Amino acid sequence: MNEIKIQWHPGFVAAINLELAENRDDLIYEKEYNLNTKPLEIDLLVIKKDKDVQIANEIGRMFKGHNILEYRSPEDRMDIDSFYKAGAYASLYKPYGETVDERKADDITVSLVREAKPDGLFRYFREHKVEVSNPYPGIYYVLDGVLFFTQVIVTRELNGKSHGWLKSLSDKLKKQEMEALLKRARSLSGKLDRELADAVLEVSVKANREIVEELKGDEAMCQALLEIMEPEISQIVRQVTEKERREKEEAVRQMEREKEEAVRQMEREKEEAAKKEAEESAIKMIKMKKFTIKEIAECVPRLSMDEIRKFAAEQA
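Residues numbered from 1 in each chain as written. Predicted model: local features only at pLDDT ≥ 70, side-chain atom pairs only at ≥ 80, totals over all residues. Heavy atoms only, no water.

Student: Explain the overall build of the chain here, please?
Tutor: The number of helices and strands found in the chain is eleven helices and seven strands. Buried residues in the chain amount to 39% of all 316 residues. Per element, the accessible surface of the chain, about 19200 Å² overall, is 51% carbon and sulfur. (Helix = DSSP H or I, 4+ residues; strand = E, 2+ residues; numbered from the N terminus. Buried < 20%, exposed > 50% of the residue type's maximum accessible area, 1.4 Å probe, protein only. Areas by Shrake-Rupley, 256 points an atom, 1.4 Å probe, with all protein chains shown as cover.)

Following this line, the structure appears as C-alpha cells:
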C-alpha cells in the first residue's frame, strides 16, 4: 500500500481525454457532474455534440449522446452495488433535461472502468443469467438486465498500443510499460495533450515509485521524465522560492518589530526613571516644608499638582 494518497480520478479524466483525442472536437467533458445535490456526483460525463458522430476509439464505440463514466481506482471495489449505483446515476440524469423526455433513454450510456476485472460482478452476471459480450479486449457489453447501454472496461486487458493512457493508471506497471508511457508522453507536442499526459504521469509515477527509482539509472529515461514533469517541477521551484521570499520578508518584519519594541521599552524605562526621580525630588521638597505646592510643581514639571498634593498628604 502506498503511503502517499494518490488522486486517481484526475488521471482517469485526462486518460479518457487522451484516448478519445481523435474525436476531441466532437465531445464535451463534464468531470464530477453534479446530480441535483451532493454527494450524488458522476465521475465523468462525456456529451457528444453530434449524436451521429462515430467515436474512433473502442472504448467510445458504444457512446451515444450522453455518456456516464464511473471509475474505480485499483484500491476500490467494483461490485454489483457499484453497478446498480452507476445505473441509478443514469436514471437520475435522464429526467433533468429542459423538457420532458429530452434526454432519451436510448441516448444514454454507462461505462464502469477499473484496472482489474471485477470477478464478483461477473459471477453475479453468470448466476443471474445476465448476457455479456466481449467485442474487444478488456471491453464487456452488458446486454440485458439494464435500462441503458452499459459496458464494463477492464483496463488491464486493453490493448497496450491502443489504450496506453488508461492502462497506465495502475500501481503494478512494469519497467517497460513505464518506459513506453514516458516515450508516449514525450512524443506529444500540443499544450493540452502534454498537460493531460502530465496528469496521467503524476498518478503513474506516484503509484509506481519503485519502477521510477529504477529508471533514474537510465540517463535517457531520466531525462525524459524530467522534461515531461518540467512544468510540475517548475511550479514546485516557484512555490519553494515564493515561500522562502515570504519567510525572509517575515523575518525582516519581525526584526523590525522587535527593534521598535526594544526602542519603546527603553523609552518607557527612561520615562519611568525620570518620573521616579521627580517623585523623589518632590518628596524631599515637601519634607523641607519650605515650598508651596505651586512652587514644587514649578520645580518638578513632570508631576501634576494633584500628584504633589497626594505626596504631601502622605507625608503629613
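Student: What's the story with the nonpolar core in this structure? I'm lost.
Tutor: The nonpolar side chains of a soluble globular protein tend to be buried with one another. Counting 42 residues, the largest nonpolar core has Phe12, Ile16, Trp165, Leu166, Leu169 and Met178 as its most contacted members. When residues of this core are traced back to their parent elements, those giving at least two are α1 (8-19), β2 (41-48), β3 (66-72), β6 (139-142), α4 (164-167), α5 (175-186), α6 (191-207) and α7 (209-215). Setting aside residues no more than four positions away along its own chain, Phe12 makes contact with Leu44, Leu69, Tyr71, Val113, Leu166 and Leu169. Ala86, Val142, Val152 and Val154 belong to the second largest nonpolar core, which has 23 residues in total. (Core = buried A, V, L, I, M, F, W, Y, C linked by side-chain atoms within 4.5 Å. Contact = heavy atoms within 4.5 Å.)

Student: So what exactly am I meant to see when it comes to the pairing of β6 here?
Tutor: Consecutive side chains of a regular strand alternate in pointing toward one face of the sheet and then the other. Neither face of β6 is exposed, since Ile139 and Tyr141 on one face and Tyr140 and Val142 on the opposite face are all buried. Of the strand pairs in this sheet, strand β5 (residues 132-136) and β6 are connected by three bridges, and their pairing is antiparallel. Note on β6: the bridge partner recorded for Tyr136 is Ile139. Pairing of β6 with strand β7 (residues 149-154) involves four bridges; the strand directions are antiparallel. Bridge pairing in β7 links Ile139 to Ile153. Adjacent in sequence and paired antiparallel, β6 and β7 are bridged by six residues, among which Gly145 carries a positive phi angle near 80°. (Pairing = 2+ DSSP bridges.)

Student: For this particular structure, what's the right way to read the environment of Phe125?
Tutor: Looking at where Phe125 falls in the secondary structure, it is placed in helix α3 (residues 119-127). Taking the relative accessible area as the measure of exposure, Phe125 reaches 2% and is therefore buried. Residues Phe125 and Val142, spaced 17 residues apart in sequence, show a C-alpha to C-alpha distance of 8.8 Å. Setting aside anything within four residues of it in sequence, one finds Phe125 in contact with Phe83, Val130, Val132 and Val142.

Student: Is there a simple way to explain helix α2 (residues 80-93) in this structure?
Tutor: Count 3.6 residues to each turn of an α-helix, and residues three or four apart come out pointing the same way. In a regular helix each residue adds 1.5 Å, so 14 residues correspond to 20 Å; α2 covers 20 Å between its end C-alpha atoms and thus fits that length. Among the residues making up α2, those that are buried are Ile80, Ser82, Phe83, Ala86, Tyr89, Ala90 and Tyr93. The N-terminus of α2 is capped by Asp79, whose side-chain oxygen sits 3.1 Å from the backbone nitrogen of Asp81. (Expected span 1.5 Å × (residues − 1). Polar contact = N/O pair within 3.5 Å; in protein donor to acceptor, adjacent residues only side chain to side chain.)

Student: Can you help me understand the pattern of salt bridges in this one?
Tutor: In total, this model carries 18 salt bridges according to the counting rule given. Here Asp193 ties to Arg24 by a salt bridge, and the two come within 2.8 Å at their closest N and O atoms. With Asp193 in helix α6 and Arg24 in the loop between α1 and β1 (27-34), this pair connects stretches of sequence that are 169 residues apart. Take Asp193 and Arg24: they sit in the same class, and that class is buried. (Salt bridge = Lys/Arg side-chain N within 4 Å of Asp/Glu carboxyl O.)

Student: Would you mind going over unusual backbone geometry with me for this structure?
Tutor: With glycine set apart, most residues show a phi of negative sign, and most peptide bonds adopt trans. One non-glycine residue, Lys129, lies in the positive phi region at around 55°. Among the structural elements, Lys129 can be located in the loop between α3 and β5. Despite not being glycine, Lys289 shows a phi value in the positive range, around 55°. With respect to the helices and strands, Lys289 occurs in the loop between α9 (230-288) and α10 (293-299). For Lys289, a relative accessible area of 74% puts it in the exposed group.

Student: It is not clear to me how the sheet that holds β1 should be interpreted in this structure. Could you clarify?
Tutor: Remark on secondary structure: sheet strands pair via backbone hydrogen bonds, oriented parallel or antiparallel. Ordered by their spatial adjacency, seven strands build an open sheet running β1-β2-β3-β4-β7-β6-β5, and the pairing between neighbours is mixed. With partners counted over all chains shown, the strands left at the sheet margins are β1 and β5, one partner each. Taking the axes of each pair of neighbouring strands and ignoring which way they run, one obtains an average angle of 25° across the sheet. Together, β1, β2, β3, β4 (108-114), β6 and β7 form the strand contacts of α2, whose direction differs from that of β3 by roughly 150°. (Axes fitted to C-alpha atoms, helices over the stretch in contact; angles between N-to-C directions.)

Student: Please explain the side chain of Asn23 as it appears in this structure.
Tutor: Tracing the sequence through the fold places Asn23 in the loop between α1 and β1. Classification of Asn23 as buried rests on a relative accessible area of 7%. What Asn23 contacts, discounting residues up to four positions off in sequence, is Val53, Gln54, Ile55 and Ala56.

Student: How should I be thinking about the packing of aromatic side chains in this particular structure?
Tutor: Two aromatic rings are characterised by how far apart their centres lie and by the angle between their planes. The full count for this structure, using the stated rule, is five aromatic pairs. On the numbers, 5.2 Å between centres and 75° between planes, the contact of Phe83 with Phe125 is edge-to-face. Taken together, the positions of Phe83 in helix α2 and Phe125 in helix α3 put the pair 42 residues apart, joining distant regions of the chain. Their ring planes at 70° and their centres at 4.9 Å tell us that Phe122 and Tyr140 sit as a pair that is edge-to-face. Of the two residues, Phe122 sits in helix α3 while Tyr140 sits in strand β6, which places them 18 residues apart along the sequence. Neither Phe122 nor Tyr140 differs from the other in exposure class; each is buried. Three or more aromatic residues joined by ring pairs form one cluster here, namely Phe83, Tyr84, Phe122, Phe125 and Tyr140. Sitting above the plane of the Tyr93 ring, Arg103 keeps its charged end 3.9 Å from the centroid. Stacked on the ring of Trp165, the Lys or Arg Arg184 has its end atom at 5.5 Å from the ring centre. (Phe/Tyr/Trp six-rings, centres within 6.5 Å; stacked < 30°, edge-to-face > 60°. Lys NZ or Arg CZ within 6 Å of the ring centre and 35° of its normal.)

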